[in-house]
Amino acid sequence: MDRQGMVLVYTGDGKGKTTASLGLALRAIGRGMNVKILQFIKSPSRTYGEHLALQKLGVDIKQLGAGFTWTKTPEEHRLALAQAWNHAKQALQDESIDVLILDELNNALAIQRFPVDDVLPLDEVLSEIQSRPAGMHIVVTGRSAHPEMEEIADLVSNVQMIKHYYSDQDVSALKGLEF
């Protein structure tokens with residue numbers, strides 16, 4: 001590969017971080033690039049529209065999480081995070097991947113309800129991202145990006161919430177918009 005891989009971080013409290021990464025994935029797929037998506041929080045026991053669509057395009061997308069942190073025990077989440085990180089480490093060494101999206105990795109790294117640093121160590125995450133194959137682009141999404149993640153990034157976009165129907169209109173998740 002003769003191009004330099006970039007690290008892009010989409011963070012902030014607004015809606016659209018995963019959506020932005022999926023738009024980037026579509027653009028890359030359209031250009032013949034190999035895209036892999038690993039979702040750190042979303043559970044494989046649920047169905048998500050992006051999973052259904054990207055499977056039709058032949059994209060390797062895996063939901064590796066246990067779901068929202070309040071839906072399972074800390075140990076279930078810790079086990080899922082450890083397994084997700086093992087998948088990510090393998091992908092970060094795979095020279096056939098052009099774009100690797102680590103969806104909701106920032107959320108996972110920012111969990112404070114239970115310890116995660118032993119199963120998802122920030123220093124190791126940063127080191128593995130920095131030592132990836134030279135041409136691999138990395139996209140990291142999720143709220144509360146660590147300053148160290150922002151520091152190693154080539155691009156950081158902060159998605160700011162101005163208004164949201166969840167809180168402003170008490171509307172729950174909508175099929176096709178959130179899942």
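Just above, that's the structure.
Nothing here was measured: the structure is a model prediction, and the numbers come from that model.

Caption draft 1: Expanded view of the pairing of strand E5 (residues 137-141). Of all five residues in E5, five are buried, a share of seventy percent or more. Here E5 shows two buried faces, one formed by His137, Val139 and Thr141 and the other by Ile138 and Val140. Pairing geometry for strand E1 (residues 7-11) and E5, over four bridges, is parallel. Opposite Leu8, over in E5, you have Val139 as the bridge partner. As paired strands, strand E4 (residues 99-103) and E5 are joined by four bridges and run parallel to one another. By the bridge assignment, Val99 is partnered in E5 with His137.

Caption draft 2: Main features of the side chain of Lys36. Positionally, Lys36 belongs in strand E2 (residues 35-39). Apart from residues no more than four positions distant in its own chain, Lys36 is found in contact with Asp60, Lys62, Ala91, Ile97, Val99, Leu100 and Ile101.

Caption draft 3: Looking closely at unusual backbone geometry. Within the chain, Glu104 stands out as a residue other than glycine whose phi angle is a positive 65°. Relative to the elements of secondary structure, Glu104 occurs in the loop between E4 and helix H4 (105-109). The phi dihedral of Ser144 falls on the positive side, at around 60°, and the residue is not glycine. Position of Ser144 among the secondary structure elements: in the loop between E5 and helix H6 (147-152).

Caption draft 4: Representation of the environment of Asn86 within the structure. Topologically, Asn86 is positioned in helix H3 (residues 74-91). Separated by 42 residues in sequence, Asn86 and Glu128 have C-alpha atoms that sit 11 Å apart.

Rules used throughout
Residues numbered from 1 in each chain as written. Predicted model: local features only at pLDDT ≥ 70, side-chain atom pairs only at ≥ 80, totals over all residues. Heavy atoms only, no water. Buried < 20%, exposed > 50% of the residue type's maximum accessible area, 1.4 Å probe, protein only. Helix = DSSP H or I, 4+ residues; strand = E, 2+ residues; numbered from the N terminus. Pairing = 2+ DSSP bridges. Contact = heavy atoms within 4.5 Å.

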